[in-house]
Amino acid sequence: MESFLQQLINGISLGSIYALVALGYTMVYGVLRLINFAHGDVYMLGAYFGYYLSRAVQGKTPSHILDAAVVMLLSMIGCALVGMVMERLAYRPVRKASRLTLLIIAIGVSLLIENAGQLFFGADPKFFPQLIPETHVQMGGLMVTNQQLIVLFTALALMILLNLFIYRSRTGKAMRAVSFNLDAAKLMGINTDRIIALTFALGSALAAAGGILVSINIPGIDPLMGVMTGLKAFVAAVLGGIGNIFGAVLGGLILGLAEVMVAGYGSSTYRDAIAFLILIVILLFKPSGILGKGQVEKV
Amino acid sequence: MFLSNMKSLRTGIIPVLAMVLLAGLSACNKKDAGSADNEILIGHYGSLTGATATFGQSAQKGIEMAVDAINASGGVLGKKLKVLVEDDQGNPIEAQTAVTKLINKDRVVAVLGEIASSNSLAAAPVAQQNRIPMISPGSTNPKVTAVGDYIFRVCFIDPFQGLVMAKFATNTLKLKNVAVLRDIKSDYSVGLANFFVENFTKMGGTIVTDISYSQGDKDFTAQLTAIKAKNPDGIFVPGYYTEVGLLARQARKLGIKVTLLGGDGWDSSKLWEIGGDALNGCYYSNHYSVDDPSPILQKFVADYKAKYKGTSDSIPDAMAALGYDAALILADAMKRANSTRPDSVRDALAQTKGFMGVTGNTTLDENRNAVKPAVVLEVVVDAKGNGKNVFKETVSP
């Protein structure tokens, strides 16, 4: 029982990262019907920005938490810019082209970032600095570290903030309008180019947060770290219903739990397989995903 | 009509002839560069980048040092040795490509590499088919040299390494219940885990659980939680340093305090950079220890430190020492064969007996493997994250 609860915690902390990355996939899909395959690589860039920023910032602010907050904020801004540049240079010029063209361009952008990353950052794994010294929190027989808790609560807080932004703000409303019908939104006087750029910026910032939160917990980063995480987050988004933000969170958590349970109780050889098995099953039986109904509001 | 045809024929034929001539000339040139020059070309393929980057980098440093020393003392058969390096990124497919290029394009007479067994296993068939001798400095999986009679290694093999750690766990650490966590993607890890399990159970120990991860994994909490529930008094993790470092950290986070044990795949200065003080009091088997007082070894360590002062790894790890020995043994075989013909070099290599290198006395057996003692090292990391290996014991075959 104790071990099961521990696995539950492991699964939720893994799943919350998938959820953060899946949100970016789902938001971009919501407004453009584009699966941005370079999204996993933005997650990697976030971790690397964090790596270089940490070395500059660490110890210069009064507390460790502040260190981490500054690093995370700057890195999120950095990735938001990357997201906007990516949209402006790679996707906007071909927005009217077929969806297949966009998809192929997305794969190209992804390969470009991965290989440029290996060139600039080096292909060997780097050790992410310990921003927050680790302390153990014992809860009964369960072992949780302060880092795990910070990761979990930050992820949760970001998801709540995103939700408030999308459903309570004017810009969020505009974003929802664009996701319903781009042309109609344009006729209503919404600057759709700006909204789309903003969507990319937000999604990328969340991916950056995911990258840093993972690195706080698991301090090894490399230029290809976004490949598998990106794919799994994509599965999570499809599982929850792509285009639906609650779906992305739900899909991320389910996937994280499924993976940990398979590795913990079954055979860890099938750990990666389970994600793709889920993808196949969901595409066969409910292609729109768990929450992906026609009526649900898309972002 | 006829004239114009002739003309077009001539204009057509002359460039073609010129091209054929040029191609022929350049082919001749290339051949000359490979053989008649004052150089003997040997190849080294290794992981200069990627998750096992320090293996290839260290081996390359060792090989470089050996080649410099050989050339400084007159070279081999009156010629200088020249090493061409190819990076395989620690990837078996790239390793195969690298060796194909070294043999077919660069026309090397012998290849050195790899450390990771999966990469050696992927590349060895290429060397074997082309009948070019290959010496692996540090691949310990028995299958590597079984590929064919052109494949050699200068280190011990995993059946022995598994025995060493099983003995150490049983006799020195008095462990009874051990969990095994192997890297399912690595031939080295799977092989070594099997040999450890076999020997440890034979000595009366119990394997409480035997589970796996995949190279490249970052999150090991699920496996570690499952291991924790079995309450072992030690965990055998025969993986490579990047995963072992991350895994050690996560084990301590989950409150697992028992000793971790491993093999020579741990040997890298990156191990403690990644794992930090989570690795304190953990042990692994290795090919040599820098603390060994033997004069030949201490001279090597001093020379290495002087040559690579200021680089990130100025203390030679086992891969550097094995790379050094592999290059020296190859040069020695060429001298004994009095030729650089691959088949003569192969025959001379197979006769290697009692070669005194920095990793000890190397004699190649009928399976082209070296029979050598192993050492057990303890990892000690201070509060600042500076680590070192402390010599515990030597086990002879």
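Let me sum up the structure you'll find in this document.

What counts and what doesn't
- Residues numbered from 1 in each chain as written.
- Chains lettered and ligands numbered in written order.
- Predicted model: local features only at pLDDT ≥ 70, side-chain atom pairs only at ≥ 80, totals over all residues.
- Heavy atoms only, no water.
- Pairing = 2+ DSSP bridges.
- Helix = DSSP H or I, 4+ residues; strand = E, 2+ residues; numbered from the N terminus.
- Axes fitted to C-alpha atoms, helices over the stretch in contact; angles between N-to-C directions.
- Contact = heavy atoms within 4.5 Å.
- Salt bridge = Lys/Arg side-chain N within 4 Å of Asp/Glu carboxyl O.
- Polar contact = N/O pair within 3.5 Å; in protein donor to acceptor, adjacent residues only side chain to side chain.
- 1 Å grid on protein atoms, 1.4 Å probe; cavity = no way out; pocket = protein on both sides within 12 Å on 5 of 7 lines; lining within 4 Å.
- Points joined across faces, edges and corners; volume = space filled by probe spheres on them.
- Nonpolar A, V, L, I, M, F, W, Y, C, P; charged D, E, K, R; others polar.
- Domains from an automatic or database assignment.

**Points about the sheet that holds strand β10 (residues 282-286) of chain B**
All names here are of chain B.
Inference 1: What the seven strands build is an open sheet, ordered β7-β6-β8-β9-β10-β13-β14; its pairing is mixed. Each edge of the open sheet carries a strand with a single partner, namely β7 (206-213) and β14 (387-395). In this sheet, adjacent strand axes meet at a mean angle of 25° when their direction is disregarded.
Inference 2: With seven bridges joining them, strand β6 (residues 177-183) and β7 adopt parallel strand pairing. Residue Ala 179 lies in a different strand from β7, and its bridge partner there is Thr 209.
Inference 3: On the sheet, helix α6 (residues 187-202) packs against β6, β7 and β8 (234-236) and is oriented at approximately 165° with respect to β6.

**Quick word on the interface of chain B and chain A**
Inference 1: Each partner contributes to the interface: chain B provides 28 residues, whereas chain A provides 29 residues.
Inference 2: Where chain B meets chain A, there are two salt bridges.
Inference 3: Note that Lys 218 of chain B and Asp 222 of chain A form a salt bridge whose closest N and O atoms lie 2.8 Å from each other.
Inference 4: For the interface between chain B and chain A, the tally reads nine residue pairs in polar contact (both at pLDDT 80 or more).
Inference 5: Every element with two or more residues in the side of chain B that touches chain A is listed here: β7, α7 (221-229), α8 (241-253) and α9 (270-275) of chain B.

**Description of empty space enclosed by the protein**
Residues and elements named next belong to chain B.
Inference 1: According to the stated counting rule, one finds four cavities of 30 Å³ or more in the structure shown.
Inference 2: Roughly 50 Å³ of internal volume is contained in the largest cavity.
Inference 3: Phe 55, Ile 115, Ala 116, Ser 117, Gly 138, Ser 139, Thr 140, Tyr 188, Tyr 240, Asp 264, Gly 265 and Met 319 are the residues that line the largest cavity.
Inference 4: Taken together, the residues of the lining of the largest cavity sort by class into six nonpolar, five polar and one charged.
Inference 5: Taken domain by domain, the makeup of the lining of the largest cavity includes at least three residues from each of domain 1 (39-155 + 293-364) and domain 2 (159-286 + 376-395).

**So, the sheet that holds strand β3 (residues 110-112) of chain B**
All names here are of chain B.
Inference 1: Spatially, five strands are ordered β2-β1-β3-β4-β5 in an open sheet, and the strand pairing comes out parallel. Both edges of this open sheet fall to β2 (80-87) and β5 (151-153), since each of them pairs with a single strand only. Adjacent strand axes in the sheet meet at a mean angle of 25°, parallel and antiparallel pairs treated alike.
Inference 2: As paired strands, β3 and strand β4 (residues 134-136) are joined by two bridges and run parallel to one another. Bridged to Leu 112 within β4 is Ile 135.

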